[in-house]
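A look at the structure
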Amino acid sequence: MPKIISVINLKGGVAKTTTTIQLAECLASAFSKRVLVIDLDPQTNATISLIPEVRWEELDSKGQTLYHLFNDKLERTKVFDLALARQRKVSNLKLRNLDLLASSIRFIDIQDRISEIPSMTGFALNPMEILKSVVHPILSEYDFVLIDCPPNLGFITRNGIEISDHYLIPSIPDTLSTYGIPQIVRKIHQFTQERPLKISCLGLVVTKYDSRSDSHSRGKRTLPARFSKIFDDLGLPQAPIFDTVMPQANATAEAMEFTNTPVSFKQKYGRSKSGDRYLYEYVEDLTRELIAHANK
Ligand SMILES: Nc1ncnc2c1ncn2[C@@H]1O[C@H](COP(=O)(O)OP(=O)(O)O)[C@@H](O)[C@H]1O
Ligand SMILES: [Mg+2]
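I will try to describe carefully the structure that is included in this document. (Residues numbered from 1 in each chain as written. Chains lettered and ligands numbered in written order. Predicted model: local features only at pLDDT ≥ 70, side-chain atom pairs only at ≥ 80, totals over all residues. Heavy atoms only, no water.)

1. Some points on the site of ligand 1
Taken together, 14 residues lie near ligand 1, and Gly 13, Lys 16, Thr 18, Lys 208 and Ala 249 sit nearest. One of the side-chain nitrogen or oxygen atoms of Thr 18 is found 2.6 Å away from an oxygen atom of ligand 1. One of the backbone N or O atoms of Pro 247 is found 2.9 Å from a nitrogen atom in ligand 1. Expressed as a share of its isolated accessible area of 560 Å², the protein-covered part of ligand 1 is 78%. When atom positions are compared with the pocket grids, ligand 1 is found to occupy the largest pocket. (Near = heavy atom within 4 Å. Polar contact = N/O pair within 3.5 Å; in protein donor to acceptor, adjacent residues only side chain to side chain. Areas by Shrake-Rupley, 256 points an atom, 1.4 Å probe, with all protein chains shown as cover. 1 Å grid on protein atoms, 1.4 Å probe; cavity = no way out; pocket = protein on both sides within 12 Å on 5 of 7 lines; lining within 4 Å. Sits in = over half its atoms within 2 Å of the grid points.)

Right, here's the structure in full:
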């Protein structure tokens, strides 16, 4: 069975999606892993980083995004078809072992109604198990499943948490971005006790690090003690802060454009350097660490 990892932070703009895509593409190319990306964010950023916008529009109009999976339960319809919804060989790197389940902006319209599902289905279906019920048969086809989550712990995110072995927290090392981290760990710990669930924290990745910024360097210095205290307070095993620190670099944002036509993973992420290293080397280091932590 695959390692299933939800990428979570309650804050937007901390590189959740960027980290998800970088890891997915690196796992699939440099490490030859079979990877599925599940996009649960109504912002659909992971989706449009991996498939052309016209293909997304077509999927959405044919009822084959994850929004339709949830809407089917609310409307008692059967529009969503996993075989049609699953997009194969995605990414502008044309990776034969990278697949996608797409999101839709229409998710926003129903996310608050998902809690109504049990009463509508005569309590036959738990609203937290909708994603699980549909992806379960295909999970064994993958080595890694990465779930890009919206910046909240609502029902849609809970569907990702439900099937995950781990969650990964990307964060910019400043006060505002790290503020909500204790809350994430506490809440997910609470979920594991209520359900019960197997999910545990895989660790924290420092993203968009600007070494010239005083607040970033101070934040990065104080992070280990603050992060480890959360787990101590809850009596949980410690989770690591990844050694690889992802540098703030405009080329990272530019690399995410689907309309680029990179010929290789190295070219996609490696056009510039941060310090004396190419950007793709950071992505490879991060991915190597992810594999090591996930296999512990
Ligand atoms: N290392 C980086 N350097 C510069 N810009 C980055 C970096 N990582 C992400 N970004 C940019 O920051 C913005 C937010 O990233 P994104 O991955 O969409 O965050 P989230 O999914 O957490 O909302 C995007 O415009 C993205 O291109
Ligand atoms: Mg995002």
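2. With respect to the sheet that holds strand S6 (residues 200-206)
Judged by pairing direction, the sheet is parallel, and its six strands sit side by side in the order S3-S2-S4-S1-S5-S6 without closing on themselves. Both edges of this open sheet fall to strand S3 (98-101) and S6, since each of them pairs with a single strand only. Recorded for the sheet is a direction-independent mean angle of 20° between the axes of neighbouring strands. Across five bridges, the pairing between strand S2 (residues 35-39) and strand S4 (residues 144-148) is parallel. Along S4, the bridge assignment pairs Val 35 with Phe 144. Set on the sheet, helix H1 (residues 16-29) makes contact with strand S1 (3-7), S2, S3, S4 and strand S5 (166-171); between it and S4 the angle comes to about 165°. Relative to the sheet, helix H11 (residues 181-194) contacts S5 and S6, its axis offset from that of S5 by approximately 170°. (Pairing = 2+ DSSP bridges. Helix = DSSP H or I, 4+ residues; strand = E, 2+ residues; numbered from the N terminus. Axes fitted to C-alpha atoms, helices over the stretch in contact; angles between N-to-C directions. Contact = heavy atoms within 4.5 Å.)

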